[in-house]
Amino acid sequence: MDKPMTTFNPDKPIYLQMAERLCDEILAGTYSDDDRVPSVREYAVMLEVNTNTAVKAYDALARDNVIYNRRGLGYFVFSIFASIRHKQKQQRISAGPAPRG
């Protein structure tokens, strides 16, 4: 069975789209505080891109303090970033159910 190909917007650099995707996955709760995210190579294979493109995406996320590198162990989610996700979730809960329309 063939796996679906990842499509990217041709008007935006692929590494930025990759960074946004991983960031969205963190915000969605796929990865929690200090969780290890896929390695650069794993993520490159998952999204069918060159490893150098994945390196640029991870570097961008590290610069923005979304993930950090533990030499020899991989990249992990910054606790502060995961707590932002938690605050967003709490705000949605305290706002109550969305109005039906």
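Residues numbered from 1 in each chain as written. Predicted model: local features only at pLDDT ≥ 70, side-chain atom pairs only at ≥ 80, totals over all residues. Heavy atoms only, no water.

1. Here we look at the pairing of strand β1 (residues 67-70)
With 4 bridges joining them, β1 and strand β2 (residues 74-77) adopt antiparallel strand pairing. Opposite N69, over in β2, you have Y75 as the bridge partner. Where β1 folds back onto β2 in an antiparallel hairpin, the turn is made up of 3 residues, including G72, whose phi is positive at roughly 85 degrees. (Pairing = 2+ DSSP bridges. Helix = DSSP H or I, 4+ residues; strand = E, 2+ residues; numbered from the N terminus.)

2. With respect to the side chain of Q17
Structurally, Q17 can be placed in helix α1 (residues 14-27). Contacts of Q17, omitting those with residues within four sequence positions, involve F8, N9 and K12. (Contact = heavy atoms within 4.5 Å.)

3. Things to note about the nonpolar core
With 20 residues, the main nonpolar core has M18, L22, I26, V37, Y58, L61 and I67 as its most contacted residues. Contributing elements (two or more residues each) for this core: α1, α2 (40-47), α3 (51-63) and β2. The element contributing the most residues to this core is α1, with 5 residues. If near-sequence neighbours (up to four positions away) are discounted, L61 is found in contact with A19, L22, C23, V66 and I67. (Core = buried A, V, L, I, M, F, W, Y, C linked by side-chain atoms within 4.5 Å. Buried < 20%, exposed > 50% of the residue type's maximum accessible area, 1.4 Å probe, protein only.)

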